[in-house]
Amino acid sequence: MTKNEVKTFMLRVKSYYQSFIIDEFKTNEWFNALKDYDNSEVNKRFEEHLQSETYGQYIPQISYLTKFLKKVGEKKVTPADIFINCSICGKRLSLQEQEDHYDRCHDIDYINWLSEKYRGKPINKDKYWELEDTAFYRAFLGTLAWAMEQESNVMKQEMYNNIYQDVKLCLQGKGHEIREDRAIEPTIINSIE
Ligand SMILES: [Zn+2]
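Definitions and cut-offs
Residues numbered from 1 in each chain as written. Predicted model: local features only at pLDDT ≥ 70, side-chain atom pairs only at ≥ 80, totals over all residues. Helix = DSSP H or I, 4+ residues; strand = E, 2+ residues; numbered from the N terminus. Rg over C-alpha atoms; globule rule 2.2 N^0.38 Å. Core = buried A, V, L, I, M, F, W, Y, C linked by C-beta atoms within 7 Å. Buried ≥ 20, exposed ≤ 12 C-beta atoms within 10 Å, placed from the backbone. Contact = placed C-beta atoms within 7 Å. Domains from an automatic or database assignment. Expected span 1.5 Å × (residues − 1).

## Remarks on the overall build of the chain
1) Next: A count of helical and extended segments in the chain gives nine helices and two strands.
2) Next: If you list the helices and strands of the chain from N to C, you get α-α-α-α-β-β-α-α-α-α-α.
3) Next: In summary, the chain has a C-alpha radius of gyration of 31 Å against a globular reference of 16 Å for 193 residues, an excess of more than 25%.
4) Next: Reported as C-alpha extents along the three principal axes, the dimensions of the chain are approximately 85 × 30 × 30 Å.

## Some details on the nonpolar core
1) Next: Core analysis: the largest hydrophobic core is formed by 15 residues, its most contacted members being Ile111, Tyr128, Phe140, Leu141, Leu144 and Ala145.
2) Next: Contributions of two or more residues to this core are made by α5 (95–118) and α7 (133–150).
3) Next: Sorting elements by how many residues they give to this core places α7 first, with eight residues.
4) Next: With residues up to four places along the chain from it excluded, the contact list for Phe140 reads Asp107, Ile111 and Val167.

## Observations regarding the domain arrangement of the chain
1) Next: Domain boundaries in the chain define domain 1 (3–74) and domain 2 (96–191).
2) Next: Once you take the C-alpha centre of each, domain 1 and domain 2 turn out to be 60 Å apart.

## Looking at α7
1) Next: A rise of 1.5 Å per residue sets the reference length of α7, with its 18 residues, at 26 Å; its end C-alpha atoms lie 25 Å apart and thus fit the reference within 8%.
2) Next: Considered for burial, the residues of α7 that qualify are Tyr137, Ala139, Phe140, Leu141, Gly142, Thr143, Leu144, Ala145, Trp146 and Ala147.
3) Next: Each element contacted by the buried residues of α7 is listed here: α5, α6 (125–130), α8 (154–173) and α9 (188–191).

The following block contains the structure:
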């Protein structure tokens, strides 16, 4: 709190408790005791005090006002406190969740795009979220193989094939065993509903 915030705060206290005395010495004392705390949090504690049936009749002590409050410098933001919304599905994610979420979310979105393009209907995304990693990537590769079969444009077939190879390489990098057989259950998309 700044000196002015403390002064204003003391005037607030006085407005509720007539016997509360404000002088320069006391103002300096209160400032020293409150300067490391957040103005709005101290005021909020004061409001709680006012509403207390038991203690509301007494002038609040600084020790009460600052009890359980963290000093401004003590407030550490931990990764668990940081949330952002996924840019694909809009889900609220903690920093820890983001890493796992994005890859899968992006891939599911792509499978859904293929499904709408070649089947004319979306996939059940929840089902894809429930799959274990290995099962999920098998489904992703199967869907890409299926999309290659559906597509007559050679350029697009090539594009799906490139993604297919990228996913496969990425999986091998992560230690997943991938069958060489290219058309891993090409109709897999219909089995996950
Ligand atoms: Zn998402």
